[in-house]
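Residues per chain, in single letters:
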Amino acid sequence: MKLTHAPLARIALASLFAIAGTAAQAQQPTYKIAYIDPLSGPFANVGELMLMHTQYAIEDINAKGGVLGGMKLQLLQFDSKLSAQESQSALQAAIDQGAKAIVTGGSGSSVVTALVLAVARWNQRNPGKELIVLNHSSIDPEMTGKGCSFWHFQTEANTAMKMKALANYIKKTPDVKKVYLLNQDYAHGKQWASYGRQLVGLARPDIQFVGETLHPIGRVKDFAPYIANIKQSGADSVITGNWGQDMTLLQKAAGDAGYNLRYFNHSAGSVPGTVTAVSQAKTGQLTWVAEWHPGQADTPKVDALAKAYKAKTGKDFLAPRIDLTPRLLAAAIAKAGSADTAKVARALEDLSFDSVVGPVRMRGEDHQLLLPQVVNTIAPVDGKAVKTGWEGTNYGFRTDAVYTGNELAQGTDCKMVRP
C-alpha cells in the first residue's frame, strides 16, 4: 500500500510547495513610489510625458530583477492639479498606500517646495515611516540652498546652473544687445528673471535690460499685449522661464506679430508642442538648456534608450534625467543594501552613477545632481547642424555649447540638518 500511494503523496507534496511558493511570491513586499504631478489642466501633457518616462524606467528596472534580490518597484499615480493643497492631499494618500519615495517636479517650484516641507514634517513626526522626495524638474536653487532638506534630492540642474550655461553662450553672441525679462508669476519665474539679470549681466556688462513683466502662470490665453510691450521696448531678446502652453502661446503671438526675437529658456524644447509652435511661428530663435537634446551627435547610449522607449511606448523620448531618477533610487537602495528610507537617503549622498548622458554625481552637501548641460536652439533642418526634424516638422535642435556639471556647479547656502 505504501508503494502504491507514494507517487500520489509526492505529487501532493509538490503541489503544496508550489502553492506555498506562489503565495510567498504574491506576498513579496514591493517598494512603492508615488508619482505626484499634473495629470489634468493646462500642463497635463507635461505631467503625462514625465509619468511615461518614470514608468518606463521602473518597468525596465523590474524586468532586470528589481532591487534587493527581487523586490519590485511599484508606481502609484496621483494628480497634483498644479496645486500645493492637492499635492499634499496626494501625499497623504501615498503615505496611506505605503509609499516610501515621491517622484515629482512638474508642478512648479512653489508646489514642490510645499510638498518637500510636508514630507519633512511627516518624517519628523513619524520615525521609521519616512519618505524621500526625488525632484526631476523643479529647479529653484533655494530647494538645494537655504531651503534644503535631507529628504529632498534634485536630479535636474538648477536655475543658476542653467542660466550660467546660457550666460556663457550669450557672452559669445554679440547680436544679443537689448533684453526683456518676461516670466511666469511664481517662485521659479522670479528666480529665472533674477538670475538672468545677475549672470547674463555679469557675462555681458554691455547688455541693456529694457523691461520686465511677470504674468499669471497657465492663465494667459493671448500673449499679444505682452509681445506689443516687448516690441515697444526695442528688445532683440527675451529671457523667459515660460513652459508648457505659456511658451507655445508666446511663440504664436510673436509669430502672428511677425516679431523676430531670440528667447533664452531653461527647458522649453523638452515639452511637447514647443517645436511645433516655433515651426508655425516661422520667426524667432528659441535657445534652451538640457542634459541632452534629440538629434545630438555622439550620444549612443541615449540614442539606444530613446529607440527602445519609442518602440515600447510609441512616444518620443525627451528627458534622460527623468528616466535617470528611478535608476538613481535603485542604485542607492542597492548601495544601502536596504529599503530603509534614512539608509537610502544616506546612500544617495555623493552617489556617482554612469548614466546615459555620462557620469553624474549627487552632491552630498546640498543634494544637487551634477550632470552635463547642452545649450541648443530650435532651428530648421539644414542637413548639417540640424539633421532631423521633430514633432513631424522640419525643425529640430542645433547644439550650441556643452558644459559638464562641474563647470556649472555653484556654491550653496545649504546647511543640511541630518537625522
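- As recorded in an unreviewed UniProt entry, the chain goes by the name ABC-type branched-subunit amino acid transport system substrate-binding protein, listed as coming from Variovorax boronicumulans.
- Its UniProt record gives the chain the following Sequence similarities (unreviewed entry) comment, quoted word for word: "Belongs to the leucine-binding protein family."

**Regarding the pattern of salt bridges**
Reasoning step 1: According to the stated counting rule, one finds 19 salt bridges in the structure shown.
Reasoning step 2: Put simply, Glu156 and Arg321 hold a salt bridge, and the shortest N to O gap is 3.3 Å. Placement of Glu156 in the loop between strand S5 (152–154) and helix H5 (159–170) and of Arg321 in helix H11 (residues 320–336) is noted, with a sequence separation of 165 residues between them.
Reasoning step 3: Looking at Glu156, the relative accessible area reads 2%, which means it is buried.
Reasoning step 4: Taking the relative accessible area as the measure of exposure, Arg321 reaches 5% and is therefore buried.
Reasoning step 5: In this structure, the salt-bridge partner of Arg363 is Glu365, at a minimum N-O distance of 3.9 Å.
Reasoning step 6: According to the relative accessible area criterion, Glu365 is partly exposed, its value standing at 41%.
Reasoning step 7: A cluster of three or more residues bridged by salt bridges with shared partners is formed by Asp60, Lys64, Asp323 and Arg327.

**Description of the sheet that holds strand S10 (residues 285–290)**
Reasoning step 1: Strand order in the open sheet made by the seven strands is S7-S6-S8-S9-S10-S14-S15, with mixed pairing throughout. Each end of this open sheet is capped by a strand with a single partner; those strands are strand S7 (208–215) and strand S15 (395–403). Neighbour to neighbour, the strand axes of the sheet diverge by 25° on average, direction disregarded.
Reasoning step 2: The sheet contact formed by strand S6 (residues 178–184) and strand S8 (residues 237–239) spans three bridges and is parallel. Within S8, the residue paired with Tyr180 across the bridge is Val238.
Reasoning step 3: Sitting on the sheet, helix H8 (residues 245–257) is in contact with S6, S7, strand S9 (262–264) and S10, with an inclination near 170° to S9.

**What to know about the nonpolar core**
Reasoning step 1: Counting 99 residues, the largest nonpolar core has Tyr31, Ile33, Leu91, Ile102, Ile132 and Leu329 as its most contacted members.
Reasoning step 2: Excluding its chain neighbours within four sequence positions, the residues that come into contact with Ile102 are Ala34, Ile36, Leu91, Ala94, Leu115, Leu131, Ile132, Val133 and Leu134.
Reasoning step 3: Counting residues in hydrophobic clusters, the runner-up holds 28 residues, among them Val238, Leu250, Ala268 and Val278.

**Notes on the pairing of strand S4 (residues 132–135)**
Reasoning step 1: Residues of S4 alternate between two faces, with Ile132 and Leu134 on one and Val133 and Asn135 on the opposite face, all of them buried.
Reasoning step 2: By the bridge criterion, four bridges tie strand S3 (residues 101–104) to S4 in an arrangement that is parallel. Bridge pairing in S4 links Ile102 to Val133.
Reasoning step 3: One crossover worth recording links S3 to the parallel S4 by way of helix H4 (residues 109–125), and it is right-handed.

**Some details on the side chain of Asn242**
Reasoning step 1: Mapped onto the elements, Asn242 comes out in the loop between S8 and H8.
Reasoning step 2: What Asn242 contacts, discounting residues up to four positions off in sequence, is Leu182, Asn183, Gln184, His215, Phe223, Met247, Leu250 and Asn265.

**Things to note about the packing of helix H3 (residues 84–96) against H4**
For any two helices packed against each other, one specifies the crossing angle of their axes together with the interaxial distance.
Reasoning step 1: Following both chains from N to C, one finds H3 and H4 inclined at 40°, their axes separated by 9 Å at the closest point. The way H3 lies across H4 gives a crossing that is right-handed. In this structure, H3 contributes Ala84, Ser87, Gln88, Leu91 and Ile95 to the contact, and H4 contributes Val111, Ala114, Leu115, Ala118, Val119, Arg121 and Trp122.
Reasoning step 2: Considering only residue class, the contact of H3 with H4 consists of nine nonpolar, two polar and one charged.

**Observations concerning empty space enclosed by the protein**
Reasoning step 1: Per the counting criterion, the structure on display carries one cavity of 30 Å³ or more.
Reasoning step 2: Within this model, the largest cavity holds a volume of roughly 240 Å³.
Reasoning step 3: Lining the largest cavity are 22 residues, with Met50, Gly105, Ser137, Trp243 and Ser267 sitting closest to its centre.
Reasoning step 4: Top contributing element to the lining of the largest cavity by residue count: helix H2 (residues 44–63), with three residues.
Reasoning step 5: For the lining of the largest cavity, the class distribution of residues is nine nonpolar, ten polar and three charged.

Cut-offs applied
Residues numbered from 1 in each chain as written. Predicted model: local features only at pLDDT ≥ 70, side-chain atom pairs only at ≥ 80, totals over all residues. Heavy atoms only, no water. UniProt positions renumbered as here; feature names shortened; annotations may be inferred. Salt bridge = Lys/Arg side-chain N within 4 Å of Asp/Glu carboxyl O. Helix = DSSP H or I, 4+ residues; strand = E, 2+ residues; numbered from the N terminus. Buried < 20%, exposed > 50% of the residue type's maximum accessible area, 1.4 Å probe, protein only. Pairing = 2+ DSSP bridges. Axes fitted to C-alpha atoms, helices over the stretch in contact; angles between N-to-C directions. Contact = heavy atoms within 4.5 Å. Core = buried A, V, L, I, M, F, W, Y, C linked by side-chain atoms within 4.5 Å. Right-handed = clockwise from strand over helix to strand, strands pointing away. Left-handed = near helix turned anticlockwise from the far one by under 90°. Nonpolar A, V, L, I, M, F, W, Y, C, P; charged D, E, K, R; others polar. 1 Å grid on protein atoms, 1.4 Å probe; cavity = no way out; pocket = protein on both sides within 12 Å on 5 of 7 lines; lining within 4 Å. Points joined across faces, edges and corners; volume = space filled by probe spheres on them.

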